[in-house]
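Read off the chains here:
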Amino acid sequence: KKQEIALEVQETFFKYRKAVILMGVSKSKIEFQEKQVEIFDIRRELGEAQYSDVIEEMIKLSEEKFSYMQAISDYYIAIASLNKAIGLNEYFQV
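As a starting point, this report considers the structure included with it. Keep in mind the model is a prediction, meaning the values are calculated, not measured. Each chain carries its own residue numbering, running from 1 in the direction its sequence is written. Owing to the predicted nature of the model, reporting of local features is limited to residues with pLDDT of at least 70; listing and counting of side-chain atom pairs is limited to 80 or more, with chain, interface and lining totals taken over all residues. Side-chain measures here rest on the full set of heavy atoms in the structure, leaving out hydrogens and waters.

## Thoughts on the nonpolar core
Moving on, step 1. The set of buried Ala, Val, Leu, Ile, Met, Phe, Trp, Tyr and Cys residues whose side-chain atoms join them within 4.5 Å is what this entry labels a nonpolar core. Throughout this description, buried means an accessible area under 20% of the type-specific maximum (1.4 Å probe, protein chains only), exposed means over 50%, and partly exposed covers the range between. Core analysis: the biggest nonpolar cluster contains 13 residues, and Y16, M23, Y68 and Y75 have the highest contact counts within it.
Moving on, step 2. Elements supplying a minimum of two residues to this core: helix 1 (2–45) and helix 2 (51–86).
Moving on, step 3. Think of it this way: any DSSP run of H or I at least four residues long counts as a helix, any run of E at least two long counts as a strand, and we number them from the N terminus. Top element by residues in this core is helix 2. It accounts for eight residues.

## Quick word on the side chain of E64
Moving on, step 1. Relative to the assigned elements, E64 resides in helix 2.
Moving on, step 2. Just so you know, the count uses Lys and Arg for positive and Asp and Glu for negative, and it drops His and the chain ends. Salt bridges are defined as contacts in which a side-chain nitrogen from Lys or Arg sits within 4 Å of a carboxyl oxygen from Asp or Glu. For the buried E64, which has no salt bridge, the nearest side chain bearing the opposite charge is K29, at an N-O separation of 4.5 Å.
Moving on, step 3. Not counting chain neighbours up to four residues away, the residues in contact with E64 comprise K29 and I30. Should any heavy atoms of two residues lie within 4.5 Å, those residues are counted as being in contact.

## Section: the packing of aromatic side chains
Moving on, step 1. Note on ring pairs: Phe, Tyr and Trp rings are taken, using the six-membered ring of Trp, and paired if centres are within 6.5 Å. Classes follow the plane angle, with under 30 degrees stacked, over 60 edge-to-face and the rest tilted. Inspection of every chain in the model, using the stated rule, returns four aromatic pairs.
Moving on, step 2. Ring centres 6.4 Å apart and planes at 55 degrees place the aromatic pair F13 and F14 in the tilted group.
Moving on, step 3. By relative accessible area, which is 39% here, F13 ends up partly exposed.
Moving on, step 4. We classify F14 as exposed; its relative accessible area is 51%.
Moving on, step 5. Relative to Y76, the ring of Y75 has its centre 5.5 Å away and its plane inclined at 70 degrees; by these criteria the two rings are edge-to-face.
Moving on, step 6. Look at Y75 and you get buried, because its relative accessible area is 15%.
Moving on, step 7. Here the aromatic cluster, defined as three or more aromatic residues joined through ring pairs, consists of F13, F14, Y16, Y75 and Y76.

Next comes the structure, spelled out in structure tokens:
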């Protein structure tokens, strides 16, 4: 039983670390995609791009924001799972 609990804590901790890393990566991707939207909007104003190109970049930005929200959700789930695995409610605070 002790090994099962240790394994559960270890797996849950890895999920926590993954969520933290994905949150950082998602933030960077959002910043990049926001710049892309700005660039394509300027290019559209100059006649070098079409509205559809700007909309496509905006869709990509929305997808990155969704990924960020998913990473945040995974983070909270991992925290709750860690608390459950060690048997101490609210040991890990958010």
